[in-house]
Amino acid sequence: SYRLSSPVKLTPVTEHDLAHFSKFLQPSSIISTLSPNPSSQDELAPYNSDWMGRYKGHSTTVLKPKTTQEVSEILKWCNAKRIGVVPQGGNTGLVGGSVPVNDEIVLSLSNLNKVRSFDPVSGILVADAGCILESLTDYVAPHNHIMPIDLGAKGSCQIGGNVATNAGGLRLLRYGSLHGTVLGLEVVLPDGTILDQLTTLRKDNTGYDLKQLFIGAEGTLGVITAVSILTPPAPQASNNVILALPSFDNVLPLYQTVKRHLSEILSAFEFIDRTAYDLAVKHGQGRALSEDDVEGAECFVLVETSGGRREHDEEKLSDLLELLLSADKPLVNTGVLSQSPAQFSSIWALREGVTEAVSKEGKAYKYDISVPLSSFKEVVDNTREHLRSKGLLHDKAVKFVLGYGHVGDGNLHLNVCADAYLPEIQDALEPYIYEVVSKYRGSISAEHGIGAMKTHALPYSKSATSIELMKKIKHIFDPQGIMNPGKVLE
Ligand code: FAD
Ligand code: MLT
Ligand code: ZN
C-alpha cells in the first residue's frame, strides 16, 4: 500500500538550508525569521493565513523565486532534505490548501508574473503561473480576446492557482472547464525536474495527457510555473438582467425557458437566494434594486448574454423579459435590465460580491457542493432547520444560512455564516452535509477543491478504489511526500 508520509516526518527549514537558498535567490526573494537579517512575524503572517482567516500555518520561511530554474533548485534541495513545500498563488483558495499545516516552506509564485507569448490569430496565451487573472484579462483585451475563466477573486488569484484548483467560476457555462481550455503546462516536479508540456497545440493525441493530472491537484504533485491557455474572442456585446422570483420552484422552469429563448447567446445563469441578496446589499456589493422590485422575492437569478450583435441580443433579451412577465402565471416578479456598463457591473457585483459580504458579516463555513438542481432550496432550508434543532441558530452562533451558485453547472454554494468558528457548529455541520451530498450521489467539492478542509470527507465522493489510485499517483510523482503535505489526501 502507498501510505502518504505524514507532515510530522518532514524536516523543518534550518539556517543551513537558508544559506543554500541564498546562493541562487536574491535577498528580496527570501522572507524568513531564520535569516541573518530576520524578517518579522508580521511579514510572514499573510502567507500563514488563508483568505477566510480560518486556517493558520507556522511557516518560518517564504521563498519567492523569479524563474522556473530557481523553483527547480528549491524543490531539488527540499526533496533531498525532506522539507515540505506549499505552493502559494494569490492565497484566495477557500479550503485551506494554500497555507502550511505545520512549518513547511511557502513557495510563492508571485514573482513569476510575465506573459510569455500571445498569438492573436489562435488566441493562445502562454503566461507565467504567477500572473494575476485580471491582469491577463487586461492583457488580452486590446487584442479583442477574453480569459475563458472569471471569478470574484480575479484581482488577486493567479492563473497557476486557478489551474491548480481547477477553478470553475462564472464563465464555465459558456467556455467549459480548465480541463478543456488549458492546452499545456510547465511544471516543476518535486525532485526538481522541469516537465515541459507547454504546448500550444489544440490537438495532440500522443498517449496519456499528463497535464490533466496537475489541473486540480492543488499543488500536491508539483509546482505549475507556466500555463498555455486558449482565450476566446471577446463578445461584441454583453448584457445582463437580474430577475426576482416569487419562489425557488420557478428556477428550473425559468432555466429551461431562458435556454430555449436565448440559445447561443446565453453565457451565465447564476442564482442567489434572498438571504444572499440581502447580505450583498448590506455590505455594499452592487446597487440595491428598488423596494418594489424586491418585494415578495424569494430568490434572484442573474442572466448574462454574450453575442455578436448588440441590437440582436438586446432584442432577444427584452423579448424574453416581456414573455416572462406577460405569462398567465409569471415565473418572475420583475426583471432589471442593465442599461450601461456601470449597471452591468453593479448587477454582477450583487452575485460576485456575496463571498465578500459573507466574510464581512462573520465567519463562513463554506460547502461547495454538486447536488441536483431541484434540491438546492431543500438543502439550504434543511441545513438551517438542522442547526435550529441543535439550538445553534441565534446571534451568538449561526447568524445566516444561505445559498447561491452556478445553476447552469449544478453547483450550490451552501454557506453558514456564524459569529465565530466554533467546534459545536462544525460538529453539527459535519458529517451532516456530506451525508446529504452522498445521498444524492453528489460532489463534496464542485469547484473549490479538497485542500486541508475536506481530506477526511473524500470517501463521501470517491470510491476506495479511486482514492487508492490517487495515492499511487501521488507516490509516483512525490515519493518523499514533500508537496503540499496534509492536502487532498490524508
Ligand atoms: P491559492 O489560494 O494561492 O492556492 C490554491 C491551491 O492551489 C493551493 O492548494 C495551492 O497550494 C495551489 N497552488 C497555487 N498556485 C500553484 C501553482 N502555481 N502550482 C501548484 N499549485 C499551486 N473558485 C471557483 O472555483 N469559482 C469561483 O467562482 C470562485 N470565486 C471566488 C471568489 C472569491 C472572492 C474568493 C476569495 C475565492 C473564490 N474561489 C472560486 C476560490 C478559488 O479556488 C480561488 O480564488 C483561485 O482559483 C485560487 O487561486 P490562487 O492563486 O489564489 O491560489
Ligand atoms: C462563488 O461562486 O461566488 C465562489 O465560488 C466563491 C464562494 O463560493 O463564495
Ligand atoms: Zn462558485
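Residues numbered from 1 in each chain as written. Chains lettered and ligands numbered in written order. Predicted model: local features only at pLDDT ≥ 70, side-chain atom pairs only at ≥ 80, totals over all residues. Heavy atoms only, no water.

## Some points on the coordination of the zinc ion (ligand 3)
For step 1, the next point in the chain: Taken together, His406 (NE2), His413 (NE2) and Glu447 (OE) make up the full set of protein donors to the zinc ion (ligand 3), lying 1.9 to 2.1 Å away.
For step 2, the next point in the chain: Along the chain, the residues donating to the zinc ion (ligand 3) are arranged with the sequence spacing H-x6-H-x33-E. On the criterion of sequence distance, the pair formed by histidine 406 in strand β15 (residues 398-406) and glutamate 447 in the loop between α17 (432-439) and α18 (464-477) is long-range, its members being 41 residues apart. Note on accessibility: histidine 406 and glutamate 447 belong to one class, buried. (Donors = N, O, S within 2.8 Å, 3.2 Å for Na, K, Ca; no water. Helix = DSSP H or I, 4+ residues; strand = E, 2+ residues; numbered from the N terminus. Buried < 20%, exposed > 50% of the residue type's maximum accessible area, 1.4 Å probe, protein only.)

## Details of the site of ligand 2
For step 1, the next point in the chain: Contacts to ligand 2 come from Leu94, Arg351, Thr355, Lys366, Tyr404, His406, His413, Glu447 and His448.
For step 2, the next point in the chain: Between ligand 2 and threonine 355, the relevant distance is 2.9 Å, taken from an oxygen atom to a side-chain nitrogen or oxygen of the residue.
For step 3, the next point in the chain: Separating an oxygen atom of ligand 2 from a side-chain N or O atom of histidine 406 is a distance of 3.0 Å.
For step 4, the next point in the chain: About the coverage of ligand 2: the protein hides 85% of its 260 Å² of free accessible area.
For step 5, the next point in the chain: Here the shell around ligand 2 is built from residues that sort into two nonpolar, four polar and three charged. (Near = heavy atom within 4 Å. Polar contact = N/O pair within 3.5 Å; in protein donor to acceptor, adjacent residues only side chain to side chain. Areas by Shrake-Rupley, 256 points an atom, 1.4 Å probe, with all protein chains shown as cover. Nonpolar A, V, L, I, M, F, W, Y, C, P; charged D, E, K, R; others polar.)

## Let's talk about the side chain of serine 29
For step 1, the next point in the chain: Within the element layout of this structure, serine 29 appears in the loop between α1 (15-24) and β1 (30-32).
For step 2, the next point in the chain: Excluding residues within four positions of it along the chain, serine 29 makes contact with Val62, Leu63, Lys64, Lys66 and Asn111. (Contact = heavy atoms within 4.5 Å.)

## A short note on the pattern of salt bridges
Any two side chains of opposite charge can pair, on the condition that their charged atoms come close.
For step 1, the next point in the chain: Scanning the model with the defined rule gives 17 salt bridges in all.
For step 2, the next point in the chain: Among the ionic pairs, arginine 171 bridges to aspartate 150, the shortest N-O distance being 3.9 Å. Remark: aspartate 150 occurs in the loop between α4 (133-140) and α5 (159-165) and arginine 171 occurs in the loop between α5 and α6 (172-175); sequence separation between them is 21 residues. By the burial criterion, arginine 171 is buried, and aspartate 150 matches it.
For step 3, the next point in the chain: Between lysine 377 and aspartate 381 there is a salt bridge, with the nearest N and O atoms lying 2.6 Å from each other. Pair noted here: lysine 377 and aspartate 381 are both in helix α15 (residues 376-389), with a separation of four residues, about one helical turn.
For step 4, the next point in the chain: Its relative accessible area of 28% is what places lysine 377 among the partly exposed residues.
For step 5, the next point in the chain: Classification of aspartate 381 as partly exposed rests on a relative accessible area of 25%.
For step 6, the next point in the chain: The network of salt bridges with shared partners includes Asp150, Lys154, Arg171 and Glu352. (Salt bridge = Lys/Arg side-chain N within 4 Å of Asp/Glu carboxyl O.)

## Describing the environment of leucine 422
For step 1, the next point in the chain: Looking at where leucine 422 falls in the secondary structure, it is placed in the loop between β16 (411-418) and α16 (423-429).
For step 2, the next point in the chain: The class for leucine 422 is partly exposed, based on a relative accessible area of 24%.
For step 3, the next point in the chain: In this view, leucine 422 contacts Tyr365 and Lys396; residues no more than four positions away in its chain are not counted.

## Some words on the packing of α15 against α17
For step 1, the next point in the chain: One way to put it is that α15 packs onto α17 with a least axis distance of 11 Å and a crossing angle of 150 degrees. Here α15 lies roughly antiparallel to α17, going by the angle between them. Two packed elements cross with a definite hand, and for α15 against α17 that hand is right-handed. Contact residues: Val379, Asn382, Thr383 and His386 in α15; Tyr432, Ile433 and Val436 in α17.
For step 2, the next point in the chain: The class makeup of the residues in the contact of α15 with α17 is four nonpolar, three polar and no charged. (Axes fitted to C-alpha atoms, helices over the stretch in contact; angles between N-to-C directions. Parallel < 35°, antiparallel > 145°, perpendicular 65-115°, else oblique. Left-handed = near helix turned anticlockwise from the far one by under 90°.)

## Things to note about the side chain of arginine 54
For step 1, the next point in the chain: If you trace the backbone, arginine 54 turns up in the loop between α2 (41-44) and β2 (61-63).
For step 2, the next point in the chain: Polar side-chain contacts of arginine 54 include one of 2.7 Å to the side chain of glutamine 426.
For step 3, the next point in the chain: With residues up to four places along the chain from it excluded, the contact list for arginine 54 reads Ala364, Tyr365, Tyr421, Gln426 and Met453.

## So, the site of ligand 1
For step 1, the next point in the chain: Around ligand 1, the structure places 35 residues, and the nearest of them are Pro87, Gly89, Gly90, Thr92 and Gly93.
For step 2, the next point in the chain: A distance of 2.9 Å separates an oxygen atom of ligand 1 from a polar atom in the backbone of glutamine 158.
For step 3, the next point in the chain: Contact distances for ligand 1 include 3.1 Å between an oxygen atom and a side-chain N or O atom of asparagine 162.
For step 4, the next point in the chain: Notes on ligand 1: free accessible area 970 Å², of which the protein chains cover 97%.

## What about the sheet that holds β15?
For step 1, the next point in the chain: Taken in spatial order, the seven strands of this open sheet run β13-β10-β12-β11-β15-β16-β14, and their pairing is antiparallel. The two strands at the open ends of the sheet, each matched to only one other strand, are β13 (334-337) and β14 (363-370). On average, each strand axis in the sheet is tilted by 15 degrees relative to the strand beside it, whichever way the strands run.
For step 2, the next point in the chain: Bridging between strand β11 (residues 266-273) and strand β12 (residues 299-307) involves seven bridges; their strand directions are antiparallel. (Pairing = 2+ DSSP bridges.)

## Notes on a nonpolar patch on the surface
For step 1, the next point in the chain: A cluster of nonpolar side chains, namely Tyr208, Leu210 and Leu213, defines an oily patch on the protein surface of about 340 Å² accessible area.
For step 2, the next point in the chain: Looking at where tyrosine 208 falls in the secondary structure, it is placed in the loop between β8 (194-197) and α8 (211-214).
For step 3, the next point in the chain: Exposure remark for tyrosine 208: the relative accessible area of 78% places this residue in the exposed category. (Patch = residues over 30% accessible without salt bridge, like charges linked within 9 Å, V, L, I, M, F, W, Y side chains within 5 Å.)

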